[in-house]
Amino acid sequence: MKLTVAQALVAFLARQYTERDGRRHRLIAATWGIFGHGNVAGIGQALLETGPRSMPFLQGRNEQAMVHAAVGYARQSGRLSAHAVTTSIGPGATNLVTGAALATINRIPVLLLPGDTFATRPADPVLQQLEVPYAGDLSVNDALRPVSRHFDRITRPEALIPAALQAMRVLTDPVQTGAVTLALPQDVQAEAYDWPEEFFAERVWGVRRPRPDRAELAAAARAVRSAARPLIVAGGGIRHSEARTALARFAEATGIPVATTQAGKGALPHDHPAEVGGIGHTGTATADGLAREADLVIAAGTRLTDFTTASATLFRNPSVRFIGLNLDPYDAHKLAALPLVADAREGLDELRAALAGHRVDPAYEAAYGECKADWEARVDLAFATPDEDLAPTQAQVLGLLDALVDDTDILINAAGSLPGDLHKLWRARSTDQYHVEYGYSCMGYEIPAAIGVALAAPGRPVWALVGDGTYLMNPTEIVTAVQEGVPLRMVVLDNHGYASIGGLSGAVGGEGFGTAYRFRGPDSTYTGEPLPVDLAANAASLGMAVIRARTVRDLREALAEARAASRPTCVYTQTRTPDTVSGPPPAQAWWDVPVAETATRKAAAEAREEYDRQAAQRRRHL
């Protein structure tokens, strides 16, 4: 078959599938694109010629945002179906870097197809070419290498065959998956080649479920049986493996409580007796208290980031040991754990069988059950709205949503103070309701990711929870939601600045410097009046229906109206600072943000004293 390289690639992608548990999914379900001279006559022409039935096309407004949308789609699809993203040369390609880092850190598959400078170099340099005197084969696309799980540059037509196959292998590997980049020189994209027909045959990539090694399983079972205060830390791997039922059965059989990371929240429904909430710096008092006393921690499908471990200060029992249940041996060995390298569902099922008849002391179950009830009462207090005529606090916004949604709704967030409040307070009703991107915590993720999620879950209410700082980072895909008729519900919380980092700044001696959206005050810092910025008007100008909510009463009605809407709808509200009684609970565990070791300002000196006190509790688990 004589086709251009771009035509061959699109035709190949249209015939790739994944299969797990007997269910088949299209691997590359659509391609996002913004066209420039580096891809318009190559991939662009190929998509036009192939047609939307073979490869659907989605028009984006910002290259980074297109990757975020693709990540949202792939995560909602269980990493079994993904999107491709094509860009031109130059800034279009480098705009992919942030999105690629987010995908790779969160281990979500996305295929990146940036244009590249001429392979044959008929003119040198060409428009947007980076000249590197010591290396003629470098381009700006090489910036994608460290944030891609696989990178290749297709400098000859025939090189596409092995490169495309390797790309599919990595995208479908549950251990290695992340951003995969195929850099496509603009002249090679348009070059014709005689392709073997076998290249375009349907190909099914099996997504494996490795079972645990018998010796590792036996060692893990012995460790659990000998523990008095075990704790499960459930991460995103539970979700990716569709292991919620296996986790519930394990917890119900053993009585072991389950705490969740940001990626793992929803691994059990909030009202399950063994579910004790988020763990770590943004966790609940219940989960963090159990973690401090645990003598065994089963880390199931988690990378054990610093927020989860409270920067290595959380697990304080001198005799604490770990079991690392993870597909990736790299993660399974963290904290000197007993490795249990396996798919999360298979590992939990087989460990439960190996523990037949074993259960924790009933007094332990009763104790954590009481702590869970106490925390739920604290959540109720934060959600309460005693004065309906005041502006809402951020926690009250979440409480109003909590009272409105059911298990079909999906909430998306990534950055600011919302992830902390959500992790501590949100009552997840389904495995996929809680969608907080906290591996990269990327401002600007929420709106495009919500579009990707909505495309993967048509008919379900999808909410993008957005602070004013995040909104100003990346509102462009509102236009895409309007164009595609995606009924995105966006809640914009305006608190006039970077509230999360402002609070952190105050805690580490930065005194909130440079974190407020205000005019300059008498001291030339940003301490004057709030800026006259109208984010609601901006959203309306991009095509959204906008509902302004001034009070708690207004907001309750606005959220209900948005949930019933059939077009992209924004609910805008300015939030107020809560008092110490009704606000969200403070951090229940530490997070290491180094403080100035020498400073003349009192706030920094006091913050350093607290830092030294907390850092002294850090330990190496060996």
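Refer to the structure above for everything that follows.
Give me the pattern of salt bridges: which residues, what numbers.
Enumeration according to the criterion identifies 36 salt bridges in this entry. The residue arginine 156 makes a salt bridge to glutamate 158 at a minimum N-O spacing of 3.3 Å. Notably, a salt bridge pairs glutamate 242 with arginine 209, separated by 4.0 Å at the nearest N-O pair. Within this pair, whereas glutamate 242 is found in the loop between helix 9 (236-240) and helix 10 (244-254), its partner arginine 209 is found in the loop between strand 11 (203-206) and helix 8 (214-225), the two being separated by 33 residues in sequence.

Break down the pairing of strand 6 (residues 82-87) for me, with residues and values.
Burial within strand 6 is extensive, with six of its six residues counted as buried. Side chains Ala82, Ala84 and Thr86 project from strand 6 onto one buried face, and the interleaved His83, Val85 and Thr87 project onto a second face that is buried too. The pairing of strand 4 (residues 28-33) with strand 6 spans five bridges and is parallel. Paired with alanine 30 across the two strands is histidine 83, which belongs to strand 6. Sheet topology note: the strand 6/strand 7 (residues 110-116) ladder contains four bridges and is parallel. Among the inter-strand pairings, alanine 84 is bridged to a residue of strand 7, identified as leucine 111.

Give me the packing of aromatic side chains: which residues, what numbers.
On inspection of all chains with the given rule, the structure shows 11 aromatic pairs. Aromatic side chains phenylalanine 35 and phenylalanine 57 sit 5.4 Å apart centroid to centroid with 20 degrees between the ring planes, which places their arrangement in the stacked category. One end of the pair, phenylalanine 35, is in the loop between strand 4 and helix 2 (40-50); the other, phenylalanine 57, is in strand 5 (residues 57-59), and 22 residues separate them in sequence. Overall, phenylalanine 57 belongs to the partly exposed group, its relative accessible area being 32%. Measuring from centroid to centroid gives 5.0 Å for tyrosine 498 and tyrosine 517, while their planes differ by 75 degrees, and the two rings are edge-to-face. Taken together, the positions of tyrosine 498 in the loop between strand 21 (489-494) and helix 21 (499-507) and tyrosine 517 in the loop between helix 21 and helix 22 (535-541) put the pair 19 residues apart, joining distant regions of the chain. The exposure class assigned to tyrosine 517 is buried, which follows from its relative accessible area of 16%. The ring of tyrosine 17 has arginine 24 sitting right over it, with the charged end atom 5.5 Å from the ring centre. It is lysine 265 that lies over the ring of tyrosine 434; its NZ or CZ is 5.6 Å from the centre.

Could you give an account of the sheet that holds strand 4, naming the residues involved and the relevant values?
Two modes of strand pairing occur in sheets, parallel and antiparallel, and in both the strands are linked by backbone hydrogen bonds. Across the sheet, which stays open at both edges, the six strands sit in the order 5-4-6-7-9-8 with parallel pairing between neighbours. Whereas interior strands pair on both sides, the edge strands pair on one side only; in this sheet they are strand 5 and strand 8 (150-153). Strand-to-strand twist of the sheet, defined as the mean angle between neighbouring strand axes without regard to direction, takes the value 20 degrees.

Can you break down the pairing of strand 20 (residues 462-467) residue by residue, with the values?
Most of strand 20 sits out of view: five of its six residues are buried. Pairing of strand 18 (residues 410-413) with strand 20, which is carried by three bridges, proceeds in the parallel orientation. Among the inter-strand pairings, leucine 411 is bridged to a residue of strand 20, identified as tryptophan 463. Relative to strand 21, strand 20 is paired through five bridges, and the arrangement is parallel. Bridge assignment links alanine 464 to a residue of strand 21, and that residue is methionine 490.

Please provide a residue-by-residue account of the packing of helix 16 (residues 394-404) against helix 23 (residues 552-564), values included.
Put simply, helix 16 and helix 23 touch, their axes get as near as 10 Å, and they point 45 degrees apart. The angle between the axes of helix 16 and helix 23 places the two elements in the oblique class. The two elements helix 16 and helix 23 meet at a crossing, and its hand is right-handed. Of helix 23, the residues touching helix 16 (which contributes Gln396, Val397, Leu400, Leu401 and Leu404) are Val552, Leu555, Arg556, Leu559, Ala560 and Arg563. Here the residues of the contact of helix 16 with helix 23 sort into eight nonpolar, one polar and two charged.

Pulling in residues and values, what's your account of the environment of glycine 420?
The topology assignment puts glycine 420 in helix 17 (residues 418-425). Taking the C-alpha atoms as reference points, glycine 420 and proline 585, 165 residues apart in sequence, are found 9.8 Å from one another. Excluding residues that lie within four positions of it along the chain, glycine 420 makes contacts with Gln262 and Thr282.

Just give me the short version of the nonpolar core, but keep the residues and values in it.
Leu111 and Met490 are the most contacted members of the largest nonpolar core, which has 87 residues in total. Sort the elements by how many residues they give to this core and helix 1 (residues 5-13) lands first, with eight residues. For methionine 490, the residues in contact, after removing those within four places along its chain, are Ile447, Ala464, Val466, Tyr471, Ile478, Ala539, Met544, Thr569, Cys570 and Val571. Grouped together as the second largest cluster of nonpolar side chains are 51 residues, Ala234, Ala287, Leu290 and Ala300 included.

An account of the sheet that holds strand 23 (residues 569-574) is needed here, citing residue identities and associated values.
One open sheet accounts for six strands, arranged 19-18-20-21-23-22; its pairing is parallel. Each end of this open sheet is capped by a strand with a single partner; those strands are strand 19 (434-436) and strand 22 (545-549). Put simply, the sheet's adjacent strands are angled 20 degrees from each other on average, direction ignored. Helix-sheet contacts for helix 16 involve strand 18, strand 20 and strand 21, and the interaxial angle to strand 20 is about 175 degrees.

Calculation criteria
- Residues numbered from 1 in each chain as written.
- Predicted model: local features only at pLDDT ≥ 70, side-chain atom pairs only at ≥ 80, totals over all residues.
- Heavy atoms only, no water.
- Salt bridge = Lys/Arg side-chain N within 4 Å of Asp/Glu carboxyl O.
- Helix = DSSP H or I, 4+ residues; strand = E, 2+ residues; numbered from the N terminus.
- Buried < 20%, exposed > 50% of the residue type's maximum accessible area, 1.4 Å probe, protein only.
- Pairing = 2+ DSSP bridges.
- Phe/Tyr/Trp six-rings, centres within 6.5 Å; stacked < 30°, edge-to-face > 60°.
- Lys NZ or Arg CZ within 6 Å of the ring centre and 35° of its normal.
- Axes fitted to C-alpha atoms, helices over the stretch in contact; angles between N-to-C directions.
- Parallel < 35°, antiparallel > 145°, perpendicular 65-115°, else oblique.
- Left-handed = near helix turned anticlockwise from the far one by under 90°.
- Contact = heavy atoms within 4.5 Å.
- Nonpolar A, V, L, I, M, F, W, Y, C, P; charged D, E, K, R; others polar.
- Core = buried A, V, L, I, M, F, W, Y, C linked by side-chain atoms within 4.5 Å.

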